[in-house]
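Structure at a glance
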Number of protein chains: 2
Amino acid sequence: MSKKIIVVGLGLIGGSIAKAIKLNTDHTVLGVDVNEDTLLDACSCGAIDGKAGPKDLRTADMVYLCVYPESALEFVKTHGTELKENCILTDACGIKGEICRGVKELQGTGNYVFVAGHPMAGKELSGFAASDAGIFIGASYLIAPCGAPEWAVQEVAALAKSMGFGQVVYTTPEQHDRVIAFTSQLPHVLACSYVMSPRCREHQGFSAGSYRDVSRVANINEVLWSRLFLDNRNDLLLELDELLKNLTAFRAAIDEENEEQLKALLRSAAEIKREVG
Amino acid sequence: MSKKIIVVGLGLIGGSIAKAIKLNTDHTVLGVDVNEDTLLDACSCGAIDGKAGPKDLRTADMVYLCVYPESALEFVKTHGTELKENCILTDACGIKGEICRGVKELQGTGNYVFVAGHPMAGKELSGFAASDAGIFIGASYLIAPCGAPEWAVQEVAALAKSMGFGQVVYTTPEQHDRVIAFTSQLPHVLACSYVMSPRCREHQGFSAGSYRDVSRVANINEVLWSRLFLDNRNDLLLELDELLKNLTAFRAAIDEENEEQLKALLRSAAEIKREVG
């Protein structure tokens, strides 16, 4: 059954979501974006059926928040009461603790149901021009139900599957933010720290897969990621301290030319990698 | 003109070199390996034309050392005097300072010419079973001539090109080891340090490209890499200290919730990445 879905924020993720819904379903997709040119681009390439006007908010079956966490909360604060009863409000923010707490505080001011989500996909570019429905194929879609009724959770999950996601994983905001600090945030801090070496400027011709892989995400959107890092400060600090500790152990073994200790460290890392994939 | 090439050590790299030569040239390839089963495997799949006997060493046009640095030096010490005049002796060791110094000390004990090399390719597996001529396609081949005559350097470069390498880069042992510490060794230490986080065991379903890329090489050959790290101890310590310094700067900005400083750090990393690729 065709639904009316409003995507708020047509950047890399919002644009890709709009395209993936249009490509794979019969739903009507309307867009909201601060940039009129982006709305025009999205319309002309068929990523959206049109711009969402004020009355569309009152009739939408689903609102997909694909903006920075603060803007997402701001949108709920301003427009939450306009949404119709049982409109599914969902988001694509990279950190779940803050948005879930924020929406919970606003609960009762509207009749929508909120399901927190995180499409685990991206690329090292930003903006609508970089959006691409293909980035979701086979990826994980994380859902933190946050007390939403089961039918709403299943509707978000079904939409994710139809967009091409390979699996839906259910989690809590706490677990999500703890694990994401390790799987996503830390690699971004690492990539940026790595390319700051003066030897980075000499890499051409001397590098292969290792350089490419570690440095890939260093071309970062600093406004978005500094927010995400600070929104998940404690979990990220825990991972940074863990990494600093482990790097320091390697440093000591190398400095002391302690080959047995170095081999033991490498062996234990290789065992973990083989075990967890 | 068909030459007789002996590949010493049929592991991942030696096996791939033998396969790439057989696949792309008319040269005869003979193998040396401590493991008889590996020699049989290599013979039966056509990676080599046969096992190199003592008299083959005396008639070989080129000897390709694809063993650990100490074993490579040991081979030169034991067999260097048997090689015919102007036999090209070359290697595929990941670190060039030690092997170049070692062979230089032995110079005069043989009539071969030595050209140091480093095929910048690999994969996160080891041994002949993992060897694959395809890993070289488009990769960099680094050559440190170390005083070898131009004709010999050109012959090694031409063979690399015919094996499928995309470019040959000329360097010195010192520059090689300094840059490789950054582009290759540091990412290996990093991958191992990274997977040691207790949260690594929770990554399934919560990870995408960033986790995969940073952790890829953690399934490491600890005997080989601990040697390579210690053979390049000073350059690697320099990179580790640089990385620890940069990670610590990120840590401080996050800990102090200094968003402006965090954005400035991320912006400078993004600028470097965009500039150097």
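Some remarks on the packing of helix α7 (residues 173-195) of chain A against helix α7 (residues 173-195) of chain B
As a packed pair, α7(A) and α7(B) sit with axes 13 Å apart at the nearest point and diverge in direction by 155°. On the basis of their axis angle, the class for α7(A) and α7(B) is roughly antiparallel. Along this stretch, α7(A) crosses α7(B), giving a crossing that reads as right-handed. Residues F182(A), T183(A), L186(A), P187(A), L190(A) and Y194(A) of α7(A) touch α7(B), and the partners they reach there are F182(B), T183(B), L186(B), P187(B), L190(B) and Y194(B). Class assignment of the residues belonging to the contact of α7(A) with α7(B) gives a composition of 10 nonpolar, two polar and no charged.

Quick notes on the environment of W151(A)
All names here are of chain A. One can find W151 in helix α6 (residues 150-163). Assessed through its relative accessible area of 39%, W151 is described here as partly exposed. Contacts of W151, omitting those with residues within four sequence positions, involve N86, I88 and V113.

Some remarks on the relation of the copies chain A and chain B
Think of it as a corkscrew move, a rotation about one axis and a shift along it, taking one chain copy to the other. Under the fitted operation, chain A is carried onto chain B by 0.0 Å of movement along the axis and a turn of 180°, and the coordinates agree to an RMSD of 0.0 Å. Viewed as a symmetry operation, the transformation between the two copies matches a two-fold axis. A share of 100% of the interface residues of chain A reappears at the interface of chain B, consistent with the copies meeting face to face through the same patch.

Concerning helix α10 (residues 233-255) of chain A
Look at α10(A): 32 Å from first C-alpha to last across 23 residues, which is about the 33 Å you get at 1.5 Å a residue. Every buried residue of α10(A) is listed here: L236(A), L237(A), E239(A), L240(A), E242(A), L243(A), L244(A), N246(A), L247(A), F250(A), A253(A) and I254(A). The inward-facing, buried residues of α10(A) contact α7, α9 (222-231) and α11 (259-276) of chain A together with α7, α9 (222-231) and α10 (233-255) of chain B. Remark: E257(A) follows α10(A) within two positions and exhibits a positive phi of approximately 50°.

Details of the interface of chain A and chain B
Often, the extent of an interface is quoted as the loss of accessible area upon association of its parts. Contact residues are listed per partner, giving 88 residues for chain A and 88 residues for chain B. With both chains or domains summed, chain A and chain B bury close to 8,500 Å², and 66% of this area falls on carbon and sulfur atoms. Joining chain A to chain B, the criterion identifies 18 salt bridges. In this structure, the salt-bridge partner of D255(A) is R233(B), at a minimum N-O distance of 3.3 Å. Where chain A packs against chain B, one counts 44 residue pairs in polar contact (both at pLDDT 80 or more). Counting residues per element, the ones that place at least two in the side of chain A that touches chain B are β7 (140-144), β8 (167-170), α7, α8 (209-215), α9, α10 and α11 of chain A. If you tally residues by element for the side of chain A that touches chain B, the top one is α10(A), at 18 residues. Looking at the side of chain A that touches chain B, its residues break down into 44 nonpolar, 23 polar and 21 charged.

Structural notes on the environment of N221(B)
Residue and element names in this part refer to chain B. Positionally, N221 belongs in the loop between α8 (209-215) and α9. Note on N221: relative accessible area 23%, which makes it partly exposed. Residues N221 and A160, 61 residues apart in the sequence, show an inter-C-alpha distance of 25 Å. Those residues in contact with N221 that lie beyond four places of it in its chain are Y68 and S126.

Here is what the cut-offs are and how they apply
Residues numbered from 1 in each chain as written. Chains lettered and ligands numbered in written order. Predicted model: local features only at pLDDT ≥ 70, side-chain atom pairs only at ≥ 80, totals over all residues. Heavy atoms only, no water. Axes fitted to C-alpha atoms, helices over the stretch in contact; angles between N-to-C directions. Helix = DSSP H or I, 4+ residues; strand = E, 2+ residues; numbered from the N terminus. Parallel < 35°, antiparallel > 145°, perpendicular 65-115°, else oblique. Left-handed = near helix turned anticlockwise from the far one by under 90°. Contact = heavy atoms within 4.5 Å. Nonpolar A, V, L, I, M, F, W, Y, C, P; charged D, E, K, R; others polar. Buried < 20%, exposed > 50% of the residue type's maximum accessible area, 1.4 Å probe, protein only. Least-squares fit on C-alpha atoms with pLDDT ≥ 70 in both. Expected span 1.5 Å × (residues − 1). Buried area = accessible area lost by both parts, 1.4 Å probe. Salt bridge = Lys/Arg side-chain N within 4 Å of Asp/Glu carboxyl O. Polar contact = N/O pair within 3.5 Å; in protein donor to acceptor, adjacent residues only side chain to side chain.

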